[in-house]
Amino acid sequence: MAQHFLFSAAARSLSVAKIMRMSELGVENVFRTLRWPDGKPVCPRCGCTICYECHRRVDAPRWRCKACRGDFSLTSGTLFAWHKLPLRTYLLAVVAFCNEVKGKSMLALSRDLDVQYKTSFVLAHKLREAMASSMKALRIGGEGRVAEIDGAYFGGHVRPENLAAERIDRRLAENQSGKRRVVVVMRERGGRTLVQVAPAEEAAVATIRQRIAGGTLIHADESPAWNALHAGFAMRRINHQEGYSIAGACTNGAEGYFSRLRRGELGHHHHIAGPYLLRYAQEAAWREDSRHVSNGDQVHGVVRLALRCGPSVDFSGYWQRARAA
Ligand SMILES: [Zn+2]
């Protein structure tokens, strides 16, 4: 049997030890080359490429744009804007985040970096935002391509009573919390993975039509929600009570995605709150698609995405806003 990728030396191209041994300049150069082509500063406001180095502030390099006279740093105008931690800490955070292939506990991250839980919470969500930006407006499939779709329910746990006699039937709608949501995965074979969160599978059909290109052959289980997709797509259906893969119909790729998300939920996150479910689902999709990429390339990929995103609308000043409210 072939060796699993994660056991190979190729999977380990960057480590915490290596980052700790980097010079300050080495760390800055990682951000510089990932942000700008050939590492030459470009003004984030006006795009001018003539920028002068000015005084370093708190040991971080700054530049002044010749055209608009604005000052900027390595992280101005990006997801890491207004950062308070040293750049090295951000790099360490991304390594710790990528190395946990099923998801990184934010409490563990706060211990790794010796920062407050609030800080690691916001940082982890910004990294999820960077990962999600790679799926924005992305369409998968096309003529001759195959995609698998499936749904799985998350959240809304109702705790059973201690005494069996007092327990209610938690399968009944009236006994549920109303917080359960379905994650629907759209996974192209040999391609990318997209996700959607909805109250029920039926509600995701419109999104599936938007995000999977016409001409794609779709594999799905027997859930009646997918019947509507026969109009517009060629489909292969499989009844999972009969087998995992029958007559070429198979959704194992979609199931594999859910096993990663489910293990992340059970083992690392423990509880995924409703409004954040989509973010965790997108994180798991990114991890699924990057699973055969070395950890160094994963880290560079996430930092590059973060430097191309604008400041986070949801997570910049998250705790300051919570205090003011
Ligand atoms: Zn400028």
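Residues numbered from 1 in each chain as written. Predicted model: local features only at pLDDT ≥ 70, side-chain atom pairs only at ≥ 80, totals over all residues. Heavy atoms only, no water.

**What to know about the overall build of the protein chain**
Here is step 1: Each helix and strand counted, the protein chain has ten helices and ten strands in total.
Here is step 2: Taking the principal axes of its C-alpha atoms as reference, the protein chain extends roughly 70 × 55 × 45 Å.
Here is step 3: A total of about 17400 Å² of accessible surface is found on the protein chain, and carbon and sulfur atoms cover 53% of it.
Here is step 4: If the 48 positive side-chain charges of the protein chain are averaged to one point and the 30 negative ones to another, these points end up 8 Å apart. (Helix = DSSP H or I, 4+ residues; strand = E, 2+ residues; numbered from the N terminus. Areas by Shrake-Rupley, 256 points an atom, 1.4 Å probe, with all protein chains shown as cover. Lys, Arg positive; Asp, Glu negative; His and termini not counted. Charge placed at Lys NZ, Arg CZ, Asp CG, Glu CD.)

**Describing the nonpolar core**
Here is step 1: Counting residues in hydrophobic clusters, the biggest one holds 81 residues, and the most contacted among them are Phe31, Ile149, Val183, Ile212, Trp226 and Tyr257.
Here is step 2: Looking at which element gives the most residues to this core, the answer is helix H3 (residues 87-99), with ten residues.
Here is step 3: Residues from two domains meet in this core; each of domain 1 (12-133 + 308-324) and domain 2 (146-290) gives at least three. (Core = buried A, V, L, I, M, F, W, Y, C linked by side-chain atoms within 4.5 Å. Buried < 20%, exposed > 50% of the residue type's maximum accessible area, 1.4 Å probe, protein only. Domains from an automatic or database assignment.)

**Brief notes about the packing of helix H5 (residues 117-133) against helix H9 (residues 295-308)**
Here is step 1: Between H5 and H9, the shortest axis-to-axis distance is 8 Å and the interhelical angle comes to 90 degrees. For the element pair H5 / H9, the angle class is roughly perpendicular. Within the contact between the two elements, H5 uses Leu127, Ala130, Met131 and Ser133 and H9 uses Val302, Leu305 and Ala306.
Here is step 2: Class assignment of the residues belonging to the contact of H5 with H9 gives a composition of six nonpolar, one polar and no charged. (Axes fitted to C-alpha atoms, helices over the stretch in contact; angles between N-to-C directions. Parallel < 35°, antiparallel > 145°, perpendicular 65-115°, else oblique. Contact = heavy atoms within 4.5 Å. Nonpolar A, V, L, I, M, F, W, Y, C, P; charged D, E, K, R; others polar.)

**Thoughts on the domain arrangement of the protein chain**
Here is step 1: Looking at the protein chain, the domain boundaries give domain 1 (12-133 + 308-324) and domain 2 (146-290).
Here is step 2: For domain 1 versus domain 2, the separation of C-alpha centres amounts to 33 Å.
Here is step 3: Counting from both sides, the interface comprises 18 residues of domain 1 and, opposite them, twelve residues of domain 2.
Here is step 4: Broken down residue by residue, the surface that domain 1 buries against domain 2 is led by Lys102, Arg128 and Met131, which jointly contribute 42%. (Buried area = accessible area lost by both parts, 1.4 Å probe.)

**So, the pattern of salt bridges**
Where charged atoms from two side chains of opposite charge approach closely, those side chains can pair.
Here is step 1: Counted according to the given criterion, the structure contains 13 salt bridges.
Here is step 2: One salt bridge connects Arg128 with Glu283, and the closest N-O pair in it is separated by 2.5 Å. With Arg128 in helix H5 and Glu283 in helix H8 (residues 277-289), this pair connects stretches of sequence that are 155 residues apart.
Here is step 3: Glu283 sits in the buried class, given a relative accessible area of 2%.
Here is step 4: For Glu288, the salt bridge identified is with Arg187, shortest N-O distance 3.3 Å. Of this pair, Glu288 sits in helix H8 while Arg187 sits in strand E5 (residues 181-188), and the two are 101 residues apart along the sequence.
Here is step 5: Taking relative accessible area as the criterion, Arg187 reaches 11% and is therefore assigned buried. (Salt bridge = Lys/Arg side-chain N within 4 Å of Asp/Glu carboxyl O.)

**Thoughts on the coordination of the zinc ion**
Here is step 1: Distances from the zinc ion to its protein donors, namely Cys43 (SG), Cys46 (SG), Cys65 (SG) and Cys68 (SG), fall within the range 2.3 to 2.4 Å.
Here is step 2: Around the zinc ion, the four donor atoms are arranged such that angles at the metal cover 102 to 120 degrees; this shape is classified as tetrahedral.
Here is step 3: Each donor residue of the zinc ion belongs to the same chain, and together they define the spacing C-x2-C-x18-C-x2-C. With Cys43 in the loop between helix H2 (24-35) and strand E1 (51-57) and Cys65 in strand E2 (residues 60-65), the pair connects residues that are 22 residues apart, well separated along the chain. In this pair, the class of Cys43 matches that of Cys65, namely buried. (Donors = N, O, S within 2.8 Å, 3.2 Å for Na, K, Ca; no water. Tetrahedral: all angles 85-135°; square planar, octahedral: opposite > 155°, others 65-115°.)

**Thoughts on the sheet that holds strand E4 (residues 146-154)**
Here is step 1: In space, the five strands of this open sheet follow the order E6-E5-E4-E7-E8, with mixed pairing throughout. The outermost strands of the open sheet, each flanked by one partner alone, are strand E6 (193-198) and strand E8 (234-238). The mean inter-strand angle of the sheet, taken between neighbouring strand axes irrespective of direction, is 25 degrees.
Here is step 2: Here E4 pairs with E5 via eight bridges, running antiparallel. For Tyr153, the partnering residue across the bridge sits in E5 and is Val182.
Here is step 3: Together, E4, E5 and E6 form the strand contacts of H8, whose direction differs from that of E6 by roughly 165 degrees. (Pairing = 2+ DSSP bridges.)

**Describing empty space enclosed by the protein**
Here is step 1: Taken as a whole, this structure holds one cavity of 30 Å³ or more when the rule is applied.
Here is step 2: Taken as a whole, the largest cavity spans an internal volume of roughly 50 Å³.
Here is step 3: Residue lining of the largest cavity: Lys102, Gly103, Arg260, Leu261, Gly264, Glu265, His269, Tyr280, Glu283, Ala284 and Arg287, and that is the complete set.
Here is step 4: Elements represented by at least two residues in the lining of the largest cavity include exactly helix H7 (252-269) and H8. (1 Å grid on protein atoms, 1.4 Å probe; cavity = no way out; pocket = protein on both sides within 12 Å on 5 of 7 lines; lining within 4 Å. Points joined across faces, edges and corners; volume = space filled by probe spheres on them.)

**A few points about unusual backbone geometry**
Here is step 1: Positive phi, close to 60 degrees, is recorded for Arg69, a residue that is not glycine.
Here is step 2: Unusually for a residue other than glycine, Ala137 sits at a positive phi of about 55 degrees.
Here is step 3: Tracing the chain through its elements places Ala137 in the loop between H5 and E4.
Here is step 4: Owing to a relative accessible area of 78%, Ala137 belongs among the exposed residues under this scheme.

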